[in-house]
Amino acid sequence: MSRLSRNIDITLHTSTSLATTLDMRDVAYGVVQFGTMSASATSLKFLVSSSSGGTYAPLYKADGNEVAITLAPSTNDGRAYVLPDQLLGTQYIKIASGDTNSTGVSGVVTLKS
């Protein structure tokens, strides 16, 4: 069985309104990939909504901690990160910068169905 995939260009922002909306309705897993970014960039956070134009809220795990990816500092090469499993039950997500040190960094999200 062949899985379908799609690539979506994103630019990191701390503002939810500027973040790219990603449709997760038929997604089994995904990866976000970045080129080099500030060595002081710390994290990515995820906001979710049940509709693409709806209100986005931070996603929390069962233990009460926010779903996030801790970034490995990268000044010479790119990095790719698997999207957290907690996102698989969502309809729409936005990936936001956890701090201003990675604002404006371009990346690609690859989603597979």
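Residues numbered from 1 in each chain as written. Predicted model: local features only at pLDDT ≥ 70, side-chain atom pairs only at ≥ 80, totals over all residues. Heavy atoms only, no water.

A. Structural view of the nonpolar core. Core analysis: the biggest nonpolar cluster contains 23 residues, and Ile10, Val32, Leu83 and Ile95 have the highest contact counts within it. Where this core is concerned, the elements lending two or more residues are strand S1 (5-11), strand S3 (29-34), strand S4 (43-49), strand S8 (92-97) and strand S9 (106-112). By residue number, the principal contributor to this core is S4, which donates three residues. Those residues within four positions of valine 32 in sequence are excluded, and the remaining contacts are Ile10, Leu44, Ile69, Arg79, Ala80, Tyr81, Leu83, Ile95, Val108 and Val109. (Core = buried A, V, L, I, M, F, W, Y, C linked by side-chain atoms within 4.5 Å. Buried < 20%, exposed > 50% of the residue type's maximum accessible area, 1.4 Å probe, protein only. Helix = DSSP H or I, 4+ residues; strand = E, 2+ residues; numbered from the N terminus. Contact = heavy atoms within 4.5 Å.)

B. Quick peek at the sheet that holds S3. Spatially, S1-S9-S3-S7 is the arrangement adopted by the four strands of the open sheet, whose pairing is antiparallel. Of all the strands in the sheet, just S1 and strand S7 (79-82) have a single pairing partner and so form its edges. Neighbour-to-neighbour, the strand axes of this sheet turn through a mean angle of 20 degrees, independent of strand direction. Sheet topology places S3 next to S9; six bridges connect them, and they run antiparallel. What sits directly across from tyrosine 29, in S9, is lysine 112. (Pairing = 2+ DSSP bridges. Axes fitted to C-alpha atoms, helices over the stretch in contact; angles between N-to-C directions.)

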